[in-house]
Amino acid sequence: DAKTTQPTSMDCAEGRAANLPCNHSTISGNEYVYWYRQIHSQGPQYIIHGLKNNETNEMASLIITEDRKSSTLILPHATLRDTAVYYCIVSPGANAGNMLTFGGGTRLMVKP
Amino acid sequence: DAGVIQSPRHEVTEMGQEVTLRCKPISGHNSLFWYRQTMMRGLELLIYFNNNVPIDDSGMPEDRFSAKMPNASFSTLKIQPSEPRDSAVYFCASSLALVKNEQFFGPGTRLTVL
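Residues numbered from 1 in each chain as written. Chains lettered and ligands numbered in written order. Predicted model: local features only at pLDDT ≥ 70, side-chain atom pairs only at ≥ 80, totals over all residues. Heavy atoms only, no water.

K.L.:
Just checking my understanding: could you explain the overall build of chain A for this structure?
P.N.:
Secondary structure assignment for chain A yields zero helices and nine strands. In sequence order, the secondary structure elements of chain A are arranged as β-β-β-β-β-β-β-β-β. Along the longest, intermediate and shortest principal axes, the C-alpha atoms of chain A span 40 × 30 × 25 Å. A burial count over chain A gives 46% of its 112 residues as buried. Considering only residue pairs separated by 6 or more positions, chain A has 57% of its internal contacts joining residues 24 or more positions apart. Averaged over its 9 positive side-chain charges, chain A has a centre that lies 4 Å from the centre of its 9 negative ones. (Helix = DSSP H or I, 4+ residues; strand = E, 2+ residues; numbered from the N terminus. Buried < 20%, exposed > 50% of the residue type's maximum accessible area, 1.4 Å probe, protein only. Contact = heavy atoms within 4.5 Å. Lys, Arg positive; Asp, Glu negative; His and termini not counted. Charge placed at Lys NZ, Arg CZ, Asp CG, Glu CD.)

K.L.:
Can you help me understand the packing of aromatic side chains in this one?
P.N.:
We describe a pair of aromatic rings using the distance from one ring centre to the other and the angle between the two ring planes. Overall, the coordinates contain 12 aromatic pairs over all chains when judged by the stated rule. Aromatic side chains Y34 of chain A and Y46 of chain A sit 6.5 Å apart centroid to centroid with 65 degrees between the ring planes, which places their arrangement in the edge-to-face category. Separated by 12 residues along the polypeptide, Y34 of chain A in strand β3 (residues 31-38) and Y46 of chain A in strand β4 (residues 45-50) bring together distant segments of the chain. Neither Y34 of chain A nor Y46 of chain A differs from the other in exposure class; each is buried. Aromatic side chains F102 of chain A and Y35 of chain B sit 5.8 Å apart centroid to centroid with 85 degrees between the ring planes, which places their arrangement in the edge-to-face category. (Phe/Tyr/Trp six-rings, centres within 6.5 Å; stacked < 30°, edge-to-face > 60°.)

K.L.:
In this structure, what is going on with the pattern of salt bridges? I would like to understand it.
P.N.:
Close approach of charged atoms allows side chains of opposite charge to pair. All names here are of chain B. Following the criterion strictly, the structure yields 10 salt bridges over all chains and no others. Put simply, E44 and R36 hold a salt bridge, and the shortest N to O gap is 3.5 Å. Accessibility assignment for this pair places E44 and R36 in one class, buried. With a closest N to O distance of 2.6 Å, R85 and E83 form a salt bridge. According to the relative accessible area criterion, R85 is exposed, its value standing at 55%. Linked by salt bridges that have partners in common, E62, R64, E83, R85 and D86 make up one network. (Salt bridge = Lys/Arg side-chain N within 4 Å of Asp/Glu carboxyl O.)

These results come straight from atomic positions and should not be treated as a statement about function.
Below, the structure written as structure tokens:
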């Protein structure tokens, strides 16, 4: 799998947008960008994924640059419950046979 | 659906003892993954199964670790003999990735080996 680079930690004010960056400069053409998060003491949770187009769901938006070398996860109105470690992962293809390799992630702290 | 079920939630054992961790995936899912998480090494994939068949066990640290999936609704991860360095949180995850590789994680088993 291609490696990703994320900031170790970030802070965000409650109610503001949280923008979490991820660099994946060696991503291959068939690799998707996945985002998961892990709230303290829980298992990781899927957030969103994309290939090259921007994506939005009820949890977040994913913005992928045109060259696909970086992406940004956007939580539009962060709440205290969004405090978690956010993992950016690149995975070759969207099928069950592909593994997810978790890096260190970004520890997001949402503050009142 | 109850989600992925893991048992026990906490396990404390002494070095040298056998430990068995259990996982029930979400009904209908065809892939199952075992992960280990420690502060030092983060979240590591140990092994994964597809349709009950082990596909990749390259993450299994050594022969003391073994995993089985006798049917689509049950899997075990066994450590024999256990060592203090095996202390970690062990997560099981399952998926049915027809379109996307979305894995659903269980609550984890916190293992402490004294």
